[in-house]
There are 2 protein chains.
Amino acid sequence: MSDTYVHGYRSREQERLNDQAGALVDLLHSDTAYPRMSKVLEVACGVGAQTVMLARRSPDAQFTSIDLSEESISVARRAVDRAGFTNVSFQQSNIFDLPFESGSFDHVFVCFVLEHLAQPLEALALLKRRLKLGGTITVIEGDHGSAYFHPISAAAQAAIDCLVRLQREAGGNALIGREIYPLLVEAGFDDVRVSPRVVYVDSSRPDLVEGFTRRTFTAMIEGVREAAVARGLIEAATFDAGVRDLHRAAASDGVFNYTFFKGVARRGDVPGSPDGRTRPVAT
Amino acid sequence: MSDTYVHGYRSREQERLNDQAGALVDLLHSDTAYPRMSKVLEVACGVGAQTVMLARRSPDAQFTSIDLSEESISVARRAVDRAGFTNVSFQQSNIFDLPFESGSFDHVFVCFVLEHLAQPLEALALLKRRLKLGGTITVIEGDHGSAYFHPISAAAQAAIDCLVRLQREAGGNALIGREIYPLLVEAGFDDVRVSPRVVYVDSSRPDLVEGFTRRTFTAMIEGVREAAVARGLIEAATFDAGVRDLHRAAASDGVFNYTFFKGVARRGDVPGSPDGRTRPVAT
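Novice: In this structure, what is going on with the pattern of salt bridges? I would like to understand it.
Specialist: If charged atoms from side chains of opposite charge come close, those side chains can pair. Going through the model one piece at a time under the given rule, you end up with 22 salt bridges over all chains. The shortest N-O distance in the salt bridge between Lys132 of chain B and Asp106 of chain B comes to 3.2 Å. Here Lys132 of chain B is found in strand S5 (residues 131-141), whereas its partner Asp106 of chain B is found in strand S4 (residues 105-111), with 26 residues between them in sequence. Each of Asp31, Arg197 and Lys262 of chain A takes part in salt bridges that share partners, so that together they form one network.

Novice: Just to check I follow, could you spell out the interface of chain A and chain B for this structure?
Specialist: In many analyses, interface size is given as the accessible surface area lost on bringing the parts together. Across the boundary between the two partners, chain A contributes 29 residues, which contact 28 residues of chain B. Across the interface of chain A and chain B, roughly 2,400 Å² is buried in total on both sides, 61% from carbon and sulfur atoms. Looking at the side of chain A facing chain B, the largest losses of area belong to Tyr148, Arg178 and Tyr181 of chain A, adding up to 29% of the total buried there. Our count for the chain A to chain B interface comes out at zero salt bridges. Here chain A is connected to chain B by 10 residue pairs in polar contact (both at pLDDT 80 or more). Of all the secondary structure elements, the ones that give two or more residues to the side of chain A that touches chain B are strand S6 (148-150), helix H6 (180-186), strand S7 (190-201) and strand S8 (255-266) of chain A. Per-element accounting of the side of chain A that touches chain B gives the leading share, seven residues, to S7 of chain A.

Novice: I keep staring at helix H3 (residues 70-82) of chain A and nothing clicks. Help me out?
Specialist: One turn of an α-helix holds 3.6 residues; hence residues three or four places apart share an orientation. Residue and element names in this part refer to chain A. In this model H3 runs 18 Å from its N-terminal to its C-terminal C-alpha over 13 residues, within 8% of the 18 Å that 1.5 Å per residue would give. For H3, the set of buried residues is Ser72, Ile73, Val75, Ala76, Ala79 and Val80. Relative to the axis of H3, the buried residues are bounded by an arc of 160° and lie together on one face. Seen from the open side of H3, the exposed residues pointing more than 90 degrees away from its buried face are Glu70, Glu71, Arg78, Asp81 and Arg82.

Novice: What exactly am I supposed to notice about unusual backbone geometry here?
Specialist: Glycine aside, the phi torsion of most residues is negative, and most peptide linkages are trans. Residue Pro151 of chain A is reached from His150 of chain A by a cis peptide bond, and omega for that bond is 0°. Within the secondary structure, Pro151 of chain A sits in the loop between S6 and helix H5 (154-169). Positive phi outside glycine occurs at Asp191 of chain A, with the angle close to 50°. Tracing the backbone through its elements, the reader meets Asp191 of chain A in strand S7. For Asp191 of chain A, a relative accessible area of 52% gives the class exposed. Phi is positive for Phe112 of chain B, which is not a glycine, with a value near 60°. Tracing the chain through its elements places Phe112 of chain B in the loop between S4 and helix H4 (120-130). A relative accessible area of 15% means that Phe112 of chain B is categorised as buried.

Novice: Even after reading the chapter, I still don't get the layout of surface pockets, so can you show me in this structure?
Specialist: Rolled over the atoms, a probe as big as a water molecule pinpoints where empty space is left. Counted as a void, the largest pocket has a volume near 820 Å³. Residue lining of the largest pocket: 31 residues in total, with Gly145, Ala147 and Gln157 of chain A together with Gly145 and Gln157 of chain B positioned closest to the centre. Taken together, the elements giving at least two residues each to the lining of the largest pocket come down to S6 and H5 of chain A together with strand S6 (148-150) and helix H5 (154-169) of chain B. Sorting elements by how many residues they give to the lining of the largest pocket places H5 of chain A first, with seven residues. Its residues placed into classes, the lining of the largest pocket shows 15 nonpolar, eight polar and eight charged.

Novice: Quick question: what am I supposed to make of the environment of Leu175 of chain B here?
Specialist: Mapped onto the elements of the fold, Leu175 of chain B is located in the loop between H5 and helix H6 (180-186). On the accessibility criterion, Leu175 of chain B (12% relative accessible area) is buried. Between the C-alpha atoms of Leu175 of chain B and Gly145 of chain B, which are 30 residues apart in sequence, the distance is 5.8 Å. The residues touching Leu175 of chain B, leaving out its near neighbours within four places in the chain, are Ile152 of chain A together with Asp143, His144, Gly145 and Val164 of chain B.

Reading the values: rules and limits
- Residues numbered from 1 in each chain as written.
- Chains lettered and ligands numbered in written order.
- Predicted model: local features only at pLDDT ≥ 70, side-chain atom pairs only at ≥ 80, totals over all residues.
- Heavy atoms only, no water.
- Salt bridge = Lys/Arg side-chain N within 4 Å of Asp/Glu carboxyl O.
- Helix = DSSP H or I, 4+ residues; strand = E, 2+ residues; numbered from the N terminus.
- Contact = heavy atoms within 4.5 Å.
- Buried area = accessible area lost by both parts, 1.4 Å probe.
- Polar contact = N/O pair within 3.5 Å; in protein donor to acceptor, adjacent residues only side chain to side chain.
- Expected span 1.5 Å × (residues − 1).
- Buried < 20%, exposed > 50% of the residue type's maximum accessible area, 1.4 Å probe, protein only.
- Arc of directions from axis to C-beta.
- 1 Å grid on protein atoms, 1.4 Å probe; cavity = no way out; pocket = protein on both sides within 12 Å on 5 of 7 lines; lining within 4 Å.
- Points joined across faces, edges and corners; volume = space filled by probe spheres on them.
- Nonpolar A, V, L, I, M, F, W, Y, C, P; charged D, E, K, R; others polar.

Remember that the coordinates give geometry; whether it matters functionally is a separate question.
In structure tokens, the structure reads:
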């Protein structure tokens, strides 16, 4: 993972991530539940926004949640403790240097992570080896190229493009949602199924106007203002006009659209072994 | 309606419209059914792609299908006859000069029509008056700004933008899907509910690869090549590269996304009358 997390680590960002998790839980996660006693690896748990949701939805599964940042892990641990769950253990670790044996997990859960990696394909291949045969991976990512709105605004589009560029410069890919299918296939997973999860927001859905258009998406764009202006990607006035126009899309006659993508796939055969059941798993 | 129908009237276009209807029927129409004996106005039925579907799904409703073009109506009439339905009557008519009394219909159905109108709001207001109080309107439109794909291609985006510009020059709006909610609200409808209908296509869905990415969307873009190049909107080579890249998005590791929007709303109160039931309907 890049050392530069494009959204930063400040506490406002933590609030944003928690708001986001609250507003989107059903859309993204209602079809994710893990069986009793299954071992689940949550990759790059960050401040625990998804960790608490996972522990709540699958109270009898055993989660191992890893992150690069010790600081994020302590926040996540407090969130899980506060919520009263005891089925999560945390570990500071790098995706590309996982301290787990091959075949250690029944399931792997990866949410809003691949977008920040320079080598998402390699990460998926490494995670696949940590799965038991038949185990599943769940990957959820956004795609900022899926954002469009009414009224149309070139300034708002330019502000969004700043985040896309900054994320690319940091080694990531803010448009990765649309690539989940080919990435999972190329990483060698079987039974790859990807579904779009659309957040459509008009004023008949005030919770999403506030919770998504304003406090999730627009707040995320606002979060890169300083970096975008400092890097000369955009004039400050244009950026500010763009943010105003995103808030405009949250007005009573505005509309905002964004699509997340969720992929689920299975670790099938060991390479070289037709049925995958007759050979030990290579590490 | 504009005299210039941006997609043209040739028979290849008729095939395209019929393919499209076949592939998308469930996504767009599975939740539309009209009760026995209800009177339904289908606006701008064209060659009848939706007319046959409507007649099939609501065999006991009575449809009146109108279109500007007598030629399209004869094609539509033959399609309905061939399918064996007798619950559709056709009439050549202009949306802005409807030969129906106020309150004539229980329901109005408008699919892929507003995108071609310079005055969609006025059209909705006129259609609203033809509804009985409590009657519903169903509006379905695409939004070409919702199209995105993998691999990303500037040429493909430029080719799509040609259609958007040509449609705008012809008085239409190829990005109207996102505006259905504010349009229906501003036209005075009540209980406006809009939902996105996403066509997500990867190679695990070969019917959509063929039926939507290639034969619906890419064919539609290809259809404006001549006009776009003649108008100097794009170099022929760029356009052709864009079309190739759209076909590339239909390859085994490609992905294509498009979103339609479906709005359903109700004619509520007569303006000036609180409950809408105590006054005759103004024409």
